[in-house]
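Inside the fold
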Amino acid sequence: MLFEKAGQPLRKVELPMPRPAVGEVLIRVRACAVCRTDLHVVDGELPQPKLPLIPGHEIVGTVEAKGEGTERFEIGDRVGIPWLGWTCGECSYCLWGRENLCDKARFTGYTIDGGYADYTVADQRFCFRVPDFYGDAEAAPLLCAGLIGYRSLAKAGDGKRLGIYGFGAAAHIVAQVARYQNREIYAFTRPGDKAAAKFAFELGAVWAGDSNELPQVKLDSAIIFAPVGDLVPQALRTVDKGGIVVCGGIHMSDIPSFPYEILWEERSLCSIANLTRQDGEEFLALAPKIPVRTEVQVFALEEANEALARLRSGKIQGAAVLLMEATKPTTKVA
Ligand SMILES: [Zn+2]
Ligand SMILES: [Zn+2]
């Protein structure tokens, strides 16, 4: 499913089979989750995507072939491919354990082709082993919603009372990790979205309400997953002195100006960008122990536009996943 121009639907096309280069694996895609970042890409909100582009960066698949010098995986191994697809390994960010900030980083489904396809190639160094605990569709959302959510949660510190703004794919995973860590979850949903509030309670939230409400107690931290800049001052108002507000998304509408007093008293405001391989290894080891369970709504590959449309209008509970088995069998290109 090919992205060619912002604002246009993805187009179903037949492309030549990709070939794995040195150090790459050819992956038969089994499932690819649909992330809000994919929406930002197809809506033209992120600068300079590869064009044309195969979106998708929460990929679960099996190794079908290996390029020269590819030793990490065997044919048939199940692997996960995340957003971080390549880093330079040489810049100060890479050398200091912050490869998520690498100046030359390449990103799956953004600057390199991703998983809205039957086959893709990936650099073996950036693939993960997928825990056996999960089916293909259930594992896919762990690769971004899970990883970025986990990084956001770590950044939020150890405070007990955690606010979460936007109760979508990332939030439904983070909530389970936070509960496992004995935190209290305060879920903030779109005003009037009773279904999202109910979903939050099912996942163990102690409080759920509209994003413009203030709970009775002050929170230690808040994570904003919704791409809505207006939520930043709202979230700052909910956190206590010394509290932190973490913006977990790649894109956000402009943040309105706000009085200094809601930041004063050592509150902090920060963002999370991308992931490191370390985040991935840690989270994928932890997820089956909790165990994190993902709720998925499955679509066929050809239904990618429909899945994106439903995500845009807030009609997905949990995560949308393209499941390739749901499509007709593909003929392998020689
Ligand atoms: Zn680098
Ligand atoms: Zn993502």
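Residues numbered from 1 in each chain as written. Chains lettered and ligands numbered in written order. Predicted model: local features only at pLDDT ≥ 70, side-chain atom pairs only at ≥ 80, totals over all residues. Heavy atoms only, no water.

**Examining the coordination of the zinc ion (ligand 1)**
Every protein donor of the zinc ion (ligand 1) is listed here as Cys88 (SG), Cys91 (SG), Cys94 (SG) and Cys102 (SG), and their distances to the metal cover 2.3 to 2.4 Å. One can describe the donor arrangement at the zinc ion (ligand 1) as tetrahedral, given that its four donor atoms subtend angles of 104 to 116 degrees at the metal. Residue Cys91 is classed as buried on the basis of its relative accessible area of 16%. Given the relative accessible area of 7%, Cys102 is considered buried. (Donors = N, O, S within 2.8 Å, 3.2 Å for Na, K, Ca; no water. Tetrahedral: all angles 85-135°; square planar, octahedral: opposite > 155°, others 65-115°. Buried < 20%, exposed > 50% of the residue type's maximum accessible area, 1.4 Å probe, protein only.)

**What about the layout of surface pockets?**
Taken as a whole, the largest pocket holds about 980 Å³ of empty space. What lines the largest pocket is a set of 46 residues, and nearest its centre among them are Arg36, Gly166, Gly168, Phe225 and Ala226. Secondary-structure elements contributing two or more residues to the lining of the largest pocket are α1 (36-42), α4 (145-155), α5 (169-180), β9 (184-189), α6 (194-202) and α7 (231-238). Tallied by class, the residues present in the lining of the largest pocket amount to 25 nonpolar, 15 polar and six charged. (1 Å grid on protein atoms, 1.4 Å probe; cavity = no way out; pocket = protein on both sides within 12 Å on 5 of 7 lines; lining within 4 Å. Points joined across faces, edges and corners; volume = space filled by probe spheres on them. Helix = DSSP H or I, 4+ residues; strand = E, 2+ residues; numbered from the N terminus. Nonpolar A, V, L, I, M, F, W, Y, C, P; charged D, E, K, R; others polar.)

**Some thoughts on the packing of α4 against α5**
In the contact formed by α4 and α5, the axes pass within 8 Å of each other and the chain directions differ by 55 degrees. On the basis of the axis angle, α4 is oblique to α5. Helix-helix and strand crossings are classified by hand; for α4 and α5 the assignment is right-handed. Where α4 abuts α5, its residues Ala145, Gly146, Gly149, Tyr150 and Leu153 lie against Ala169, Ala170, Ile173, Val174, Val177 and Ala178. For the contact of α4 with α5, the class distribution of residues is nine nonpolar, two polar and no charged. (Axes fitted to C-alpha atoms, helices over the stretch in contact; angles between N-to-C directions. Parallel < 35°, antiparallel > 145°, perpendicular 65-115°, else oblique. Left-handed = near helix turned anticlockwise from the far one by under 90°. Contact = heavy atoms within 4.5 Å.)

**A few points about the coordination of the zinc ion (ligand 2)**
Around a metal, the perfect tetrahedron of four donors has angles of 109.5 degrees, and the perfect octahedron of six donors has angles of 90 or 180 degrees. The protein atoms that coordinate the zinc ion (ligand 2) are Cys35 (SG), His57 (NE2) and Cys144 (SG), at distances spanning 2.0 to 2.2 Å. In primary sequence terms, the donor set of the zinc ion (ligand 2) follows C-x21-H-x86-C. Linking His57 in the loop between α1 and β2 (59-66) with Cys144 in the loop between α3 (136-139) and α4, this pair joins segments that are 87 residues apart in sequence. Taking the relative accessible area as the measure of exposure, Cys144 reaches 7% and is therefore buried.

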